[in-house]
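# Inside the fold
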Amino acid sequence: MSLTLSTKAMAVKPSSTLAITAKAKELKASGIDIVGFGAGEPDFNTPDNICKAAVKAIEEGFTKYTAASGIDELKLAISKKFKEFNNIEYAPNQIVISNGGKHSLTNVFEAILNPGDEVIIPAPYWLSYPEIVKLADGIPVFVRGEKEQGYKVTVEQLKAVTSEKTKAVIINTPNNPTGMIYSEEELRKIADYVVEKDIYIVSDEMYEHLVYNDNKHISIASFNEEIYKRTITVSGVAKSYAMTGWRIGYTGSSPEIAKLMGSIQSHQTSNPNSIAQKATVEALVGDQSGIEKMFIEFDNRRKHMYKRVSKMKYVSSLEPLGAFYVFIDVNQVLDKKYKGEKVESAQNMANILIEDYKVAVIPCGDFGFSDHIRLSYAISIESIDKGLNRIEEFLDNLE
Ligand code: PLP
């Protein structure tokens, strides 16, 4: 036996968002005045009351292993939040707490997939979905939500790609990278389809608290018993509570799936960090004013960025209604020349922007849309303006 490596592991694409964010941070650290639109995380610190709860946990010696799927106190807090915010009843034995939403999603696919099972992933998609599905021996099947459809997919499109092997559909609302949200009517149609086909729906609601313009977040599992049985609801505290580094995500599912995920986790990572679990209890049941302030700030930035992008030449976007991203169509830029050479791809455009204009943006090829870029507005208004001025300068220099 020679020293070969795992074919499955070698097929995994490293996360390009993390790579670009790391490059921007590196340039910044070396003294270069870079504007980073890449971040998938709030620029705010975790609210004080949450940090204090963590300190208290340490001081009280809450520093040992906990139950693998999380502590009862946090499961109860999540169960209450599911009921009050999402209108879904999940008892504590239906909840599994993991090391971030990414880990929750990994558990989900490991628990439901057999080799060769297909998972429908609407594009544009968060770039980790296909890799997570493949690592769980599943096969990603893509379907495109075009710009004219608000970057969302219809049941007719789902039907066209459903096969005997289809095991699940992923729906992510509010969406990363588009900032779009599915309406109740759209979700109800998808729910009916999923029930008719008797498949699972993995509902990624990571950005559920970041929904703007008087829209309300809607959870697909809340519609009726049939869709509830087939849904695995995924959420976490990273985005809404500025807790990306704490690594807490969670799922609500049937008790059977929860039990499987709990056993998988018990061998892979054991419990999520004990201190972060206590901090998350405070996040969910404590004072919510910290996140309300962040929400207002995100909303101001969203409006500001969208207004400015709408006035720029060669690019366009739809008004984002959730999360903290503006998804920008750069098709016209790709037809232009920069310094005598065709721009060609969003990836190229991103390279030019970081090299020549010191602006980091996310090219969305790995999100299934190679003619779009994603800008995050999880940075200050001043930085947004500085970065957009630089992008405008680039657009002015196109021939
Ligand atoms: N789902 C979506 C749509 C995301 O954008 C992210 C993070 O970027 C996650 C899940 C995972 O979040 P985390 O693992 O940080 O809790």
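The structure presented is a predicted model; accordingly, all values stated were derived computationally and were not measured. (Residues numbered from 1 in each chain as written. Predicted model: local features only at pLDDT ≥ 70, side-chain atom pairs only at ≥ 80, totals over all residues. Heavy atoms only, no water.)

## Looking at the overall build of the chain
Heads up, the condition is: Runs of E in the DSSP output that reach at least two residues are strands. Runs of H or I that reach at least four are helices, and both are numbered from the N terminus. The globule rule is 2.2 Å times the number of residues to the power 0.38, and the radius of gyration it is compared with is taken over C-alpha atoms. Only protein chains enter the calculation, and the probe is 1.4 Å; a residue is then buried if its accessible area is under 20% of its type maximum, exposed if over 50%, and partly exposed in between. Only the protein chains shown count as cover for residues, and the accessible areas themselves come from Shrake-Rupley with a 1.4 Å probe. Counted as positive: Lys and Arg. Counted as negative: Asp and Glu. His and the chain ends are not counted at all. For the purpose of locating charges, the reference atoms are NZ of Lys, CZ of Arg, CG of Asp and CD of Glu.
Helix and strand counts for the chain come out as 15 helices and 15 strands. For the chain, whose C-alpha radius of gyration is 21 Å, the value lies close to the compact-globule estimate of 21 Å for 399 residues. Projected onto its principal axes, the C-alpha positions of the chain cover 60 × 60 × 55 Å. In the chain, which comprises 399 residues, the share counted as buried stands at 54%. Total accessible area on the chain is roughly 17,500 Å²; 52% of this is exposed by carbon and sulfur atoms. Across the chain, the 46 positively charged side chains and the 53 negatively charged ones have centroids separated by 2 Å.

## Regarding the side chain of threonine 233
For clarity, the threshold we go by: Polar contacts, as counted here, are pairs of nitrogen or oxygen atoms within 3.5 Å of one another; within protein the pair requires one atom able to donate a hydrogen and one able to accept it, and residues that are adjacent in sequence qualify only if both atoms are side-chain atoms.
Looking at where threonine 233 falls in the secondary structure, it is placed in strand S7 (residues 231–236). A polar contact is formed between the side chain of threonine 233 and the side chain of tyrosine 90, at a distance of 2.8 Å.

## Quick look at the layout of surface pockets
We apply this condition: A pocket, in this scheme, is an open set of points on a 1 Å grid over the protein atoms alone with protein on both sides within 12 Å along at least 5 of 7 lines, while a cavity is a set where a 1.4 Å probe fits but cannot get out; residues line either one if an atom lies within 4 Å of a point. Grid points are joined across faces, edges and corners, and a volume is the space filled by probe spheres set on the points.
One number sums up the size of the largest pocket: a volume of about 600 Å³. Lining the largest pocket are 29 residues, with Leu18, Gly40, Lys102, Trp126 and Lys239 positioned closest to its centre. Of all elements in the fold, only helix H2 (16–29) and helix H5 (101–112) reach the threshold of two or more residues within the lining of the largest pocket. It is H2 that contributes the most residues to the lining of the largest pocket, five residues altogether.

## Details of the pattern of salt bridges
The condition is simple: Salt bridges, as used here, are contacts in which a Lys or Arg side-chain nitrogen is within 4 Å of a carboxyl oxygen on Asp or Glu.
For the coordinates displayed, the defined rule picks out 30 salt bridges. Among the ionic pairs, arginine 301 bridges to glutamate 297, the shortest N-O distance being 3.3 Å. With a gap of four residues between them, arginine 301 and glutamate 297 both fall in helix H12 (residues 289–310), about one helical turn apart. What makes arginine 301 buried here is its relative accessible area of 2%. Looking at glutamate 297, the relative accessible area reads 27%, which means it is partly exposed. Linked by salt bridges that have partners in common, Asp198, Glu226, Lys229 and Arg230 make up one network.

## Focus: the sheet that holds strand S6 (residues 200–204)
Put simply, the rule is: We treat two strands as partners when DSSP finds at least two bridges between them. Orientation is described by axes fitted as lines to C-alpha atoms, over the contacting stretch for helices, and by angles from 0 to 180 degrees between their N-to-C directions. In what follows, a contact means two residues having at least one pair of non-hydrogen atoms within 4.5 Å.
Taken together, the seven strands give an open sheet; going across it, the order is S2-S8-S7-S6-S5-S3-S4, and neighbouring strands pair in mixed fashion. Looking at strand neighbours, the two that pair on one side only are strand S2 (95–98) and strand S4 (139–144), the edges of this open sheet. Neighbour-to-neighbour, the strand axes of the sheet open up by a mean angle of 20 degrees, direction not taken into account. Contacting S2, S6, S7 and strand S8 (249–252), helix H10 (residues 255–268) runs over the sheet at an angle of about 30 degrees to S2.

## Regarding empty space enclosed by the protein
The final tally for this structure, using the stated rule, is three cavities of 30 Å³ or more. Approximately 80 Å³ is the volume attributed to the largest cavity. Ile121, Pro122, Ala123, Pro124, Tyr125, Tyr129, Tyr151, Ile170, Ile171, Asn172, Asn175 and Tyr182 together form the lining of the largest cavity. As a volume, the second largest cavity reaches approximately 50 Å³. Lining the second largest cavity, in full, are Thr173, Ile181, Tyr182, Leu187, Val211, Lys216, His217 and Ile218.

## Re the site of the ligand
The condition that has to hold: The near set for a molecule or strand comprises every residue that places at least one heavy atom within 4 Å of it. Each molecule is assigned to a cavity or pocket provided more than half of its atoms lie within 2 Å of the corresponding grid points. Here the nonpolar group is Ala, Val, Leu, Ile, Met, Phe, Trp, Tyr, Cys and Pro; Asp, Glu, Lys and Arg are the charged ones; every other residue, Gly included, is treated as polar.
Near the ligand, the surroundings consist of 13 residues, among which Gly101, Asn176, Asp204, Lys239 and Arg247 are the closest. The contact in question runs from an oxygen atom of the ligand to an N or O atom on the side chain of tyrosine 207, over 2.8 Å. Within the complex, 93% of the 400 Å² of free accessible area of the ligand lies under protein. Its atoms largely coinciding with the cavity grid, the ligand occupies the largest pocket. Residues belonging to the shell around the ligand are distributed by class as follows: five nonpolar, four polar and four charged.

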